[in-house]
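Descriptive analysis of the structure
As a plain string of letters, each chain reads:
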Number of protein chains: 2
Amino acid sequence: MRRSPAWIPVPPGSPFPLVNLPFGIGAAPGDEPSVYVAVGDHALGLATVAAAGLLEDLGVAPEVFQHDSLNPYLAAGRSTGARLRARLIEILTDPTLADRLADAVVPRDDLTLGVPVEVGDYVDFYSSIHHATNLGRLFRPDDDPLPANWRHLPAGYHGRSGTLVPSGTPITRPRGLRLVDGQPAFGPTEALDLELEVGFVIGAPSSVGTPVSTADASDHIAGLCLVNDWSARDVQAYEYVPLGPFVGKSFATSVSPWLVSLDALEPYRTAAPRQDPPVADHLRSTRDWAFDLRLQVLLESEAMRAAGMEPVRISCVGFADMYWTPDQQLAHATANGASVRSGDLFASGTVSGPTRGSEGSLIEATWRGECPLELPTGETRAFLADGDRVILEGWAGGDHRPLIGLGQVSGTIGGSI
Amino acid sequence: MRRSPAWIPVPPGSPFPLVNLPFGIGAAPGDEPSVYVAVGDHALGLATVAAAGLLEDLGVAPEVFQHDSLNPYLAAGRSTGARLRARLIEILTDPTLADRLADAVVPRDDLTLGVPVEVGDYVDFYSSIHHATNLGRLFRPDDDPLPANWRHLPAGYHGRSGTLVPSGTPITRPRGLRLVDGQPAFGPTEALDLELEVGFVIGAPSSVGTPVSTADASDHIAGLCLVNDWSARDVQAYEYVPLGPFVGKSFATSVSPWLVSLDALEPYRTAAPRQDPPVADHLRSTRDWAFDLRLQVLLESEAMRAAGMEPVRISCVGFADMYWTPDQQLAHATANGASVRSGDLFASGTVSGPTRGSEGSLIEATWRGECPLELPTGETRAFLADGDRVILEGWAGGDHRPLIGLGQVSGTIGGSI
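None of these values were measured; they are calculated from a predicted model.

1. Regarding the overall build of chain A
- The helix and strand tally for chain A stands at nine helices and 26 strands.
- Computed over the C-alpha atoms, the radius of gyration of chain A is 21 Å, within 12% of the 22 Å expected from 2.2 N^0.38 for a compact globule of 417 residues.
- Projected onto its principal axes, the C-alpha coordinates of chain A cover approximately 70 × 55 × 40 Å.
- Taken over 417 residues, chain A has a buried fraction of 61%.
- Of all intrachain contacts in chain A linking residues separated by at least 6 positions in sequence, the fraction that spans at least 24 positions is 74%.
- Averaging the coordinates of the 30 positive side-chain charges in chain A and doing the same for the 50 negative ones gives two points 4 Å apart.

2. With respect to the interface of chain A and chain B
- Contacts between the two partners involve 54 residues from chain A and, on the opposite side, 54 residues from chain B.
- Between chain A and chain B, the buried area comes to about 4700 Å², and carbon and sulfur atoms account for 63% of it.
- When the buried surface of chain A facing chain B is broken down by residue, A:Arg160, A:Leu243 and A:Phe246 rank first, second and third, together holding 17% of it.
- At the surface where chain A touches chain B, the tally comes to three salt bridges.
- Of the charged contacts in the structure, one is a salt bridge between A:Arg160 and B:Asp344, with a shortest N-O distance of 2.9 Å.
- Our count for the contact surface shared by chain A and chain B stands at 22 residue pairs in polar contact (both at pLDDT 80 or more).
- Only strand 6 (122-125), strand 7 (156-159), strand 10 (175-180), strand 11 (183-188), helix 5 (233-239) and helix 8 (326-334) of chain A provide two or more residues apiece to the side of chain A that touches chain B.
- With four residues, the top contributor of residues to the side of chain A that touches chain B is strand 7 of chain A.
- Looking at side-chain class alone, the side of chain A that touches chain B contains 30 nonpolar, 17 polar and seven charged residues.

3. Digging into the sheet that holds strand 3 (residues 42-45) of chain B
- Across the sheet, five strands lie side by side as 4-3-2-1-5 (chain B); this open sheet has antiparallel pairing. A strand with exactly one partner marks an edge of an open sheet, and here the two such strands are strand 4 (105-107) and strand 5 (112-113) of chain B.

4. Some points on the side chain of A:His220
- Its place among the elements puts A:His220 in the loop between strand 13 (196-202) and strand 14 (221-228).
- Those residues within four positions of A:His220 in sequence are excluded, and the remaining contacts are A:Val201, A:Ile202, A:Gly203, A:Ala204, A:Pro205, A:Ser206, A:Val212 and A:Leu330.

5. Focus: the layout of surface pockets
- Of the voids in this model, the largest pocket is the one considered here, and its volume is about 750 Å³.
- Taken together, 29 residues form the lining of the largest pocket, with A:Arg140, A:Val241, B:Arg140, B:Tyr240 and B:Val241 sitting closest to its centre.
- Its residues assigned to classes, the lining of the largest pocket comprises 19 nonpolar, four polar and six charged.
- Of the volumes computed, that of the second largest pocket is approximately 490 Å³.
- Taken together, 20 residues form the lining of the second largest pocket, with A:Phe16, A:Arg108, A:Trp258, A:Gly407 and A:Gln408 sitting closest to its centre.
- Sorting the residues of the lining of the second largest pocket by element identifies strand 25 (389-398) and strand 26 (401-416) of chain A as the ones contributing at least two each.
- At six residues, strand 26 of chain A tops the list of elements feeding residues into the lining of the second largest pocket.
- Broken down by class, the residue content of the lining of the second largest pocket amounts to nine nonpolar, seven polar and four charged.

6. So, the relation of the copies chain A and chain B
- Screw-axis analysis of chain A against chain B gives a translation of 0.0 Å along the axis, an RMSD of 0.0 Å, and a rotation angle of 180 degrees. Such a combination of rotation and displacement between the chain copies is what one expects of a two-fold axis. Minimal C-alpha separation from the rotation axis in chain A is found for A:Gly244, amounting to 2.1 Å.

7. Some remarks on a negative patch on the surface
- Residues A:Asp31, A:Glu32, A:Asp68, A:Glu118, B:Asp31, B:Glu32, B:Asp68 and B:Glu118 make up a contiguous surface patch of negative charge.
- Within the secondary structure, A:Glu118 sits in the loop between strand 5 (112-113) and strand 6.

8. A few points about the pairing of strand 6 of chain A
Residues and elements named next belong to chain A.
- Both faces of strand 6 are covered, namely the face carrying Tyr 122 and Asp 124 and the face carrying Val 123 and Phe 125.
- Here three bridges tie strand 6 to strand 22 (residues 345-347), and the two strands are oriented parallel to one another. Directly across from Asp 124, in strand 22, lies its bridge partner Ala 347.

Cut-offs used in this document
- Residues numbered from 1 in each chain as written.
- Chains lettered and ligands numbered in written order.
- Predicted model: local features only at pLDDT ≥ 70, side-chain atom pairs only at ≥ 80, totals over all residues.
- Heavy atoms only, no water.
- Helix = DSSP H or I, 4+ residues; strand = E, 2+ residues; numbered from the N terminus.
- Rg over C-alpha atoms; globule rule 2.2 N^0.38 Å.
- Buried < 20%, exposed > 50% of the residue type's maximum accessible area, 1.4 Å probe, protein only.
- Contact = heavy atoms within 4.5 Å.
- Lys, Arg positive; Asp, Glu negative; His and termini not counted.
- Charge placed at Lys NZ, Arg CZ, Asp CG, Glu CD.
- Buried area = accessible area lost by both parts, 1.4 Å probe.
- Salt bridge = Lys/Arg side-chain N within 4 Å of Asp/Glu carboxyl O.
- Polar contact = N/O pair within 3.5 Å; in protein donor to acceptor, adjacent residues only side chain to side chain.
- Nonpolar A, V, L, I, M, F, W, Y, C, P; charged D, E, K, R; others polar.
- Pairing = 2+ DSSP bridges.
- 1 Å grid on protein atoms, 1.4 Å probe; cavity = no way out; pocket = protein on both sides within 12 Å on 5 of 7 lines; lining within 4 Å.
- Points joined across faces, edges and corners; volume = space filled by probe spheres on them.
- Least-squares fit on C-alpha atoms with pLDDT ≥ 70 in both.
- Patch = residues over 30% accessible without salt bridge, like charges linked within 9 Å, V, L, I, M, F, W, Y side chains within 5 Å.
- Areas by Shrake-Rupley, 256 points an atom, 1.4 Å probe, with all protein chains shown as cover.

In structure tokens:
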């Protein structure tokens, strides 16, 4: 089926064609934050579209589009989201509406974009077998790299929701206790790292005492975004036994601005790797929950910026071979009766592949600094230096399928506190 | 100084005399939740007191008392709280106001009490040396019971804020993966436990990138409450390496309804035990941050209830010898630049003493079931059984100091999901 083009132009290769329509929270100059949908290099303000009476009969009150988070919209659930998506495609392909909605369209670059959801609880998993194996080798060289439980449950922990920050927020180098010459000493981390992750966000909430089965996961997962779980490896290594990561991670986690719906990602579902040994019944997927996404990490040093150089790609990895998938992660997190709320964020854990160049963190890519990265300026990196800018990107499609993207999440290391 | 008695009667031994004045969120029958202060067996509705024009010129808008959490009030900061507290003591000792405020007074038992704050982030520490030593012996019998980092930092992790529940909420026995005959198997926990803890709540928020020093902790800590961090020990034991506790804890955490201010607790400050080796500079306390509280755990089985028996005390422990104190916990959690928000909850970790009968959890009291507790009915308990009701209590004072209390937090095990 050939679809008429949108009246908002979509440049070739844009991550945000008409079949994507990711939702975000933006503030145009002088305006309060509200709900936008990205189309090409522009964004459509849904508060204005709703005020024009074009979003009626969808089961969602117009006020939700004036909100400073997607939570009220997400709480309306998946089918409302699908209806709204269909309506927006109608609107954007009806050229007679272009003039009427001219005020609703803003260049994306003019928007100040926030974290799209107000996150009640943020959970971070550890679901790439390549990453878990690499970290096991680095942190516990004398043990099996994979903990005994790793293939039986999607290991995860709660992160700090209060320090989730929007893309572009400067990341201050944290201080903490780490071993220096074998003794604990307090100071700025010397091992500041990134973690390339994909997060999923909860739409319809669940109730306490009612687990979300893998079969029902689609009713509660609204969409995907990119997450950079900044990590101070030396602080983390010193603190993590026995309660897991805490201040080595809690200083900042960056979240991409555009939430890409499961509906948009439907064509890119694919089978996850076979799990061996078989997992417990309640963790068994009932359909394909891997997503055929490509992810990459770009790095730009201060010297590169000064020389007018483009950011350099330091990693490229597929998301489809994650060992544990979102349905399993959600089923695990709720099997004990815990509830989820609209806007809760669950991140995949670092996405790493099996080969050189597909590592989702510097500690893996440089093997804790043993093999530093070389930048085009001749600089080397074991970990992040002040002034470094990190950009994560993700996209799906190509070949015979439309190209859609998760966009970017970026952050620049902004000195020590 | 002799203070005139309050016109709301305070029965002898009440945890809530005029010098306590803890704040909570209650709903009288047919009313929306709003802010109350507890006095004896009654509570004073501050929305009504504010509507009578008696809470003006305090730097706090009357609307904050109509809110369903203490967060807006707490955000106003410590000095506002102190002024409000002084005003309330004036009001409650002015007998001419008794008639005018008659509508503001309700029997405490008539109120439906909530978790007093909306918790953005919930952090749980591990700050009792006796508890950490006991758990180390139980979980890691072949290692030093205290992890190498334990005396150098107040170990903590983030818990799930979305499953914090008010006192009285039934606790459903969670299911999870745990080892059965050495193999992971999914089912209801067979090791459901309580954890006796004291939490502190954030008043004035802090900013990203600005650590809260131990000296400034008083500006950000509003008060204390009781916390029962329910734990599924078998699930926890199987999952906790390497990311710490997750679904073994996240099903429910009970919080007491009345937040006791630091001002009320001022007379009960005392010196914490000496820390050896000395801690890093940023963790050094600048004043006494231990609190001379007694805590106890009461248990009542279904059979005891049926027989009309009173709950039996299974543990009694002092809070004053916690190794790490709230100022140090807050300094540690923010030294990396992480911010705190009004309403954030930081729990002490299980409070256990050095002697038999002072354990803050059943796994310690029964040594993982090796020495079961005996109840007055002749029943025994290794861990909690369905129908068991657990009550935590805490209080300060006695002798020449006034008796004030944290009140209670309770929960009954309500069957499996």
